[in-house]
Amino acid sequence: MKNPKLENLDINLKLVVILMSLTLMLSSLSILSSQSIYSQTSEDAKSRNCKDNKVQSLHVRNVLVENDADGEGPVTDDLPGFHYVKKFDSNGTLISAWGTKGTGPGQFLHAHGITVDSNGYVYVSDAEKCNIQKFDSEGNFITMWGSKGKGQGQFFQPESMAVDSKGNIFVADYANQHIQKFDSEGNFITMWGSKGTGEGQFIKPWGVAVDSNNNVYTSDQDNPEVQKFSNDGKFLTKWNSYSPGRLFVHLHDITVDSNDSVYVTDGRNNSRVAKFDNQGNFIAQWGAFGSGNGRFIEDHGIATDKSGNVYVVDTRNVRIQKFNSEGDFVTNWGTLGCQDDQFLIPHDIAIDSSGNIYVSDSGKVHFLAGDTCQSLEGKNWTTTIRKIYDSTLSGDKQVPPVETDVIGQMSITVPRSESEIKYKINITGASNITSAYMHMGKDGEDGEAVADLLMDSKKNKMEKQTGVVIRGEVLDSDLIGSMNGKPLQDLINAITDGQIYVSVNTPTHPKGEIRGHVEVAAKSLGE
């Protein structure tokens, strides 16, 4: 039998719960209508920023944004004293710097591309805010345009930019697979490109440049090739290698000098600069992985001055390097830090008609997202960077080819100090390995042994697991043949240049059962 008093009590309690819920909802709506405060991990942050939330969290951390009705507002500045744009003379002496952290005019979250027009106006793209900002040569804000989206004048991670002789601005829209063209005030003119590997298509367009005839050149990071277009986007030609069989690996930026020679930075894996004529015919190349003069760890932006000097942003070495037009080293400058004459993550570079140099610095993003200016003092975060190589070994690569079911997979790592080479070879189909060597030689050619991979049993170990595993390290003192007595860097350079192969020998094939050429791996450790 039901109790009427209990039923009434139950109904009253339900009404109270409903009224309280409505009150809370109305209160929340009232707060949101006047001001929303959110972190970069919220769904609202996802809609307010250029990238999707998963990618966004990799780039901007611990940022609290207060939005007004227009979606703009102050950002917690965890980089006090840091400026995103730095101006130098041609020898690296600081002139000025501007651009603090924030979402307002003249501020940045992730400064990326930079270019300068013939009137000295400076344009900077922001990969997080998805916009372009225009400044005078002293850093005074003039205007800005762009928002997150796929339409005309919208971006998903704008990267490099270039200016033609009429002052039109070209923007590489990285995640939209577009090149967009604007006038100098940001009015949309045209755009071209779609996702793909065909003519006029892109996977991740990173760089854009313009020659004296206003033709447009692009570099694609994930489909490593250079494409050439007319000023309105008509495809003209493309190329993807230094020479036959020597392909680009990880293209970053592109620039064109006053003689219409084309330069690209083939970063990360190749760590090189390459020079071509305007039809893609190879002229020269320089650079290698490392921190010495003329070497790079993640070379990004590139620009040339009126004298033909070439300036390269050596991002992971936190510096700018200057070369003559033939690639001879001239000078460099830059250290890690938040001061105006220092860099955190230098990204792109531009040069005005007076020879002044402008560098965009992305700030506390990517691998520095958890750091502060104080924590970076005295820090050398490049010491942990490694170069990675690999090789697939098989009998058909021997000279002459060997019929065998034995196969091998080799991985090699080299620290930034280049003090050692660590390697591991996994071999299947064989149980008895007699020797293994690194040889100097090209594909299809026999060459002399320059490092014995099983010489020292204390350092070089062979384990029988599922097949055979050989692991160990090579030091200066381990080099043999023509490399004997030479520094280990010579062998590392030869590996990087594609001049080394590995041969594994067995009792059945004492002169080599499987062989593989050592190549830069698809991805080295780093950004």
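Residues numbered from 1 in each chain as written. Predicted model: local features only at pLDDT ≥ 70, side-chain atom pairs only at ≥ 80, totals over all residues. Heavy atoms only, no water.

(A) Quick look at the sheet that holds strand β22 (residues 262-266). One open sheet accounts for four strands, arranged β21-β22-β23-β24; its pairing is antiparallel. Because the sheet does not close on itself, it has two edges, and the strands there are β21 (251-256) and β24 (282-286). Recorded for the sheet is a direction-independent mean angle of 20° between the axes of neighbouring strands. Relative to β22, β21 runs antiparallel, the two sharing four bridges. Pairing of Leu251 across the sheet is with Asp266, part of β22. (Pairing = 2+ DSSP bridges. Helix = DSSP H or I, 4+ residues; strand = E, 2+ residues; numbered from the N terminus. Axes fitted to C-alpha atoms, helices over the stretch in contact; angles between N-to-C directions.)

(B) Region of interest: the environment of Val312. Note on placement: Val312 falls in strand β26 (residues 310-314). Here the alpha-carbon distance between Val312 and Lys322, two residues 10 residues apart in the chain, equals 6.5 Å. Aside from chain neighbours lying at most four places away, what touches Val312 is Thr265, Val273, Phe296, Asp299, Gly301, Ile302, Arg319, Ile320, Gln321 and Phe323. (Contact = heavy atoms within 4.5 Å.)

(C) Local environment of the sheet that holds strand β28 (residues 329-333). Strand order in the open sheet formed by four strands is β25-β26-β27-β28, with antiparallel pairing between adjacent strands. Edge positions in the open sheet fall to β25 (299-304) and β28, since each of these has one partner strand only. Shown here is a sheet whose adjacent strand axes are inclined to one another by a mean of 20°, direction ignored. Where strand β27 (residues 319-323) lies against β28, four bridges are found, and the strand directions are antiparallel. Bridging across to β28, Phe323 finds its partner in Phe329.

(D) Quick peek at the environment of Leu479. Within the element layout of this structure, Leu479 appears in the loop between β37 (467-474) and α5 (488-496). Residue Leu479 is classed as buried on the basis of its relative accessible area, which comes to 2%. Along the backbone, Leu479 and Leu491 are 12 residues apart, and their C-alpha atoms lie at a distance of 8.5 Å. The contact partners of Leu479, leaving out residues within four places of it in the chain, are Val450, Ala451, Val474, Asn484, Lys486, Pro487, Leu488 and Leu491. (Buried < 20%, exposed > 50% of the residue type's maximum accessible area, 1.4 Å probe, protein only.)

(E) Broad picture of the nonpolar core. Membership of the largest hydrophobic core comes to 34 residues, with the highest contact counts inside it found for Ile421, Ile427, Met438 and Leu491. Mapped onto this core, the elements with two or more residues apiece are β31 (386-394), β32 (407-415), β33 (421-428), β34 (435-440), β35 (449-452), β37, α5 and β38 (500-505). It is α5 that contributes the most residues to this core, five residues altogether. By size, the runner-up hydrophobic cluster in this structure holds 31 residues, among which are Tyr84, Tyr311, Ile320 and Trp333. (Core = buried A, V, L, I, M, F, W, Y, C linked by side-chain atoms within 4.5 Å.)

(F) The arrangement of the environment of Ala209 in detail. Locating Ala209 in the fold gives a position in strand β15 (residues 205-210). A residue is classified by how much of its surface remains accessible, and Ala209, at 4% relative accessible area, is buried. A C-alpha to C-alpha distance of 8.8 Å links Ala209 and Val262, two positions 53 residues apart in sequence.

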